[in-house]
Each structure stands twice: as structure tokens, then as C-alpha cells.
Amino acid sequence: MTFRQKHLLGIEPLHPDEIRSLLDLANSYADQNRTSGPVEKSLAGLTQVNMFFENSTRTLASFELAGKRLGATVMNMAMQASSIKKGETLIDTALTLNAMHPDLLVVRHPHSGAVNLLAEKVNCAVLNAGDGRHEHPTQALLDALTIRRAKGRLHRLTVAICGDIAHSRVARSNIILLGKMENRIRLIGPPTLIPAGAADWGVEVYGNMAKGLKDADVVMMLRLQKERMDGAFIPSEREYFHRFGLDAEKLAHAKPDAIVMHPGPMNRGVEIDGTLADDINRSHIQEQVEMGVAVRMAAMELLARNLTGKPKGVWV
Ligand code: NCD
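Here the structure is a predicted model, which is why all the values come from computation and not from measurement.

K.L.:
Please explain the overall build of the chain as it appears in this structure.
P.N.:
Of regular secondary structure, the chain possesses eleven helices and nine strands. Since a compact globule built from 316 residues should have a radius of gyration of about 20 Å, the 19 Å found for the chain is in line with a globular shape. Residue burial in the chain is summarised as follows: out of 316 residues, 54% are buried. A separation threshold of at least 6 residues defines the contact pool for the chain, and within that pool the share at least 24 residues apart is 74%. Summing over all exposed atoms, the chain offers an accessible surface of approximately 13700 Å²; the carbon and sulfur share of this is 52%.

Structure below.
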């Protein structure tokens, strides 16, 4: 087993072997989670603190369930209602929490880079649950596991990532991961939602769904991240659905066995047709949620194995 990281801040620092190791462990957890048998409490005696500075439904629930399943003591900090509102800085909040001696700190923050900064200030393992537009590593890993289980491999696949790439940390982490595993990546969206310089990322860029989806093995749809948009990026949601929303007709351009994915939350009728999203023959959206728990169990277990024996406390 090779996984040498102290934190999981992004996909960028991971070696392909580390990704494979993590996915192998997550895969065995995914199988175990489908049975009612007991799971080894590999996080027993450890404390996991979830600090979410941004709303979340599935990611928070998934980290909480993953920690509890492995026997950790799990605490959720309601950061919306916390001292942050009273003007405390991120670092002060982190140092306060650190003094409570967590072993695993799971952080979601609206600013890109905030989680990396925090990781420098605390002496526990930090997991990035999404920072601004930067990275969302456990999402890319759960997407990878979903793809690997559906397609039997995670290399030499054509993966189309469609929609609001510009504002998406999910897209960024997926592009890095799928690139490391030697897949062909296509980005599809209106020019306003494709980041400048995307063509230099080793991906193909399309402004047209029919062309971009041609012979794709995996079709990954993204939510329009309205909360990160300062201005009008699309003419209207109706027009957007017409051109870029995934429905059965557009999906017909992909391979007949192409799978449909979406990280959630979904805007039905905006980026994806509701009937298609619910079609269990094509849509793997529920499996993505299922794999999320398994991937987070694996990530926390691997980081826990690498915890040093240093006394807990604040770095000085
Ligand atoms: C994503 C996120 O928060 O970045 N959601 C998630 O974690 N499942 C994507 C999104 O919000 O659209």
C-alpha cells in the first residue's frame, strides 16, 4: 500500500499509485457497505471535526457517516453560526479547534487556497471538502471509483465534462485525476463558462454537445454555479438547456453504453433532463453518492495511518 500524504488537499500532489491504492481500499469498503456485516473500527479513538464554511448536503453527510462507520468521534461545527460571523479569522478559528486535539479536520471553504493555508497551521490531518474553485479531491476520487466500477478500468476512456467548468472545483479535480490516469478529456460548454487557457490543460474543448459527446464513454454534467457568477454568463436557463442540457437526444451521440454522472445538487431541466437523471440504465448519480462514503472512509483511514506520534497541540 503506497499512500504517503499527510493531508488530502487536492488531487494535484497525488501519485497515480496513491490514487490506485486509495481506490482499491475504497472499493473494498463499497462492497462491505452493501452488506450488513461489521466494519473494522480503524478510526476508533480518533476525533474527526467537520468544519463547513459553505453549505453542503451530501459531502458533509458522507464525511460524517464515513467517520462514524469507522468508529471515529465525529463533531460537526456549524460554521455559518460560529465565531467567524463575529469577525474571528480563519487561522484563529483553526488554532482554537486545534487546541481541542482533533486527529482529522475536514474543511470546506468558499475561498480557493483557504484549506491549504489552514493545513499549515494545524498538526492534524486535513481533508479538503472543496475550496472555492480550486479542488474537491474526494469528489474526483468518488467519481473515479464510480467510473472504474462501471467501465472496469480507469484509463483510455473518453470522458466529457460538460457545463460550468469555469466555476467548478469538481471539474478541476476531475481533469487532474483523469489526466494522471491517461484518459482523453473533453470539456464542453459555452465560451463564457470555459476558463481561459483551458486548451493548454491537455484537454479538448468543444462549444457543441453533439460534437463533444461523440463516442464518449462517460458524460459528466456540472451544475451552473450561480453563487460564483458575478454577472450573466448565459442568455437564459431555457436557452442553456436547449444547447447544453443533457437529454436522451444529445446522449445518443455518446457510446451506447456511456454512463451519465452529476456531482449534485442537480438543477433538473437546466443542465440535465430529469427523466434521464433518474434512468437507472444510464445514470450513475446515486452510485456516486454511495461511492462517496466508501472513498471518504478510505481517505480518512489512509491519512490516519500516516498520523505522526507528535504530541497534539498548536504548531509554533
Ligand atoms: C459540488 C461542490 O460543492 O463543489 N457538490 C458536491 O460536493 N457534491 C458541486 C456543486 O456544488 O455543484
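K.L.:
Explain the packing of helix α1 (residues 16-33) against helix α5 (residues 137-151) to me, please; I cannot follow it from the model alone.
P.N.:
Describing two packed helices takes the angle between their axes plus the distance from one axis to the other. Running from amino to carboxyl end, α1 crosses α5 at an angle of 70 degrees, the nearest separation of the two axes being 10 Å. Between α1 and α5, the angle is such that the two are roughly perpendicular. For the pair α1 and α5, the crossing hand works out as right-handed. Note on element contacts: α5 touches α1 through L141, A144, L145, R148 and R149, opposite I19, R20, L22, L23, D24, A26, N27, A30 and D31. When its residues are assigned to classes, the contact of α1 with α5 shows eight nonpolar, one polar and five charged.

K.L.:
How do you make sense of the site of the ligand when you look at a structure like this?
P.N.:
The environment of the ligand is formed by R58, T59, R108, H136, Q139, R169, V170, R223, Q225, P263, G264 and P265. Here a nitrogen atom of the ligand sits 3.4 Å away from a polar atom, N or O, in the side chain of Q139. Residue Q225 places a side-chain N or O atom 2.7 Å away from an oxygen atom belonging to the ligand. In the complex, the protein chains occlude 95% of the 320 Å² of accessible area that the ligand would expose alone. Under a 2 Å grid-point criterion requiring more than half of the atoms, the pocket assigned to the ligand is the largest pocket. Only α2 (58-69) and α6 (169-180) provide two or more residues apiece to the shell around the ligand. For the shell around the ligand, the per-class residue count stands at three nonpolar, five polar and four charged.

K.L.:
What should I look at first to understand empty space enclosed by the protein in this one?
P.N.:
A probe as big as a water molecule, rolled over the atoms, marks out the empty space that is left. The tally for this structure, following the rule as stated, stands at one cavity of 30 Å³ or more. Counted as a void, the largest cavity has a volume near 70 Å³. Around the largest cavity, the lining residues are R58, S62, Q139, L142, P263, I285, Q288, V289, G292 and R296. Looking at the lining of the largest cavity, the elements that each hand over two or more residues are α2, α5 and α11 (285-305). Of the residues assigned to the lining of the largest cavity, the class counts are four nonpolar, four polar and two charged.

K.L.:
Please clarify how the packing of aromatic side chains should be interpreted in this entry.
P.N.:
How two aromatic rings sit relative to each other is set out by the distance from centre to centre and by the angle between their planes. Counting across every chain of the model gives one aromatic pair. Above the plane of the ring of F241 lies K250, whose end atom (NZ or CZ) is 5.6 Å from the centre.

K.L.:
Could you clarify how one ought to interpret helix α4 (residues 114-121) in this entry?
P.N.:
For the α-helix, the turn length of 3.6 residues means that residues three or four positions removed from each other point alike. Taken as a whole, α4 has its buried residues at A114, V115, L118 and A119. Burial along α4 is one-sided: seen end-on, the buried residues are contained in an arc of 135 degrees. The inward-facing, buried residues of α4 contact α3 (90-98), β3 (104-109) and β4 (125-131).

The rules we used
- Residues numbered from 1 in each chain as written.
- Predicted model: local features only at pLDDT ≥ 70, side-chain atom pairs only at ≥ 80, totals over all residues.
- Heavy atoms only, no water.
- Helix = DSSP H or I, 4+ residues; strand = E, 2+ residues; numbered from the N terminus.
- Rg over C-alpha atoms; globule rule 2.2 N^0.38 Å.
- Buried < 20%, exposed > 50% of the residue type's maximum accessible area, 1.4 Å probe, protein only.
- Contact = heavy atoms within 4.5 Å.
- Areas by Shrake-Rupley, 256 points an atom, 1.4 Å probe, with all protein chains shown as cover.
- Axes fitted to C-alpha atoms, helices over the stretch in contact; angles between N-to-C directions.
- Parallel < 35°, antiparallel > 145°, perpendicular 65-115°, else oblique.
- Left-handed = near helix turned anticlockwise from the far one by under 90°.
- Nonpolar A, V, L, I, M, F, W, Y, C, P; charged D, E, K, R; others polar.
- Near = heavy atom within 4 Å.
- Polar contact = N/O pair within 3.5 Å; in protein donor to acceptor, adjacent residues only side chain to side chain.
- 1 Å grid on protein atoms, 1.4 Å probe; cavity = no way out; pocket = protein on both sides within 12 Å on 5 of 7 lines; lining within 4 Å.
- Sits in = over half its atoms within 2 Å of the grid points.
- Points joined across faces, edges and corners; volume = space filled by probe spheres on them.
- Phe/Tyr/Trp six-rings, centres within 6.5 Å; stacked < 30°, edge-to-face > 60°.
- Lys NZ or Arg CZ within 6 Å of the ring centre and 35° of its normal.
- Arc of directions from axis to C-beta.

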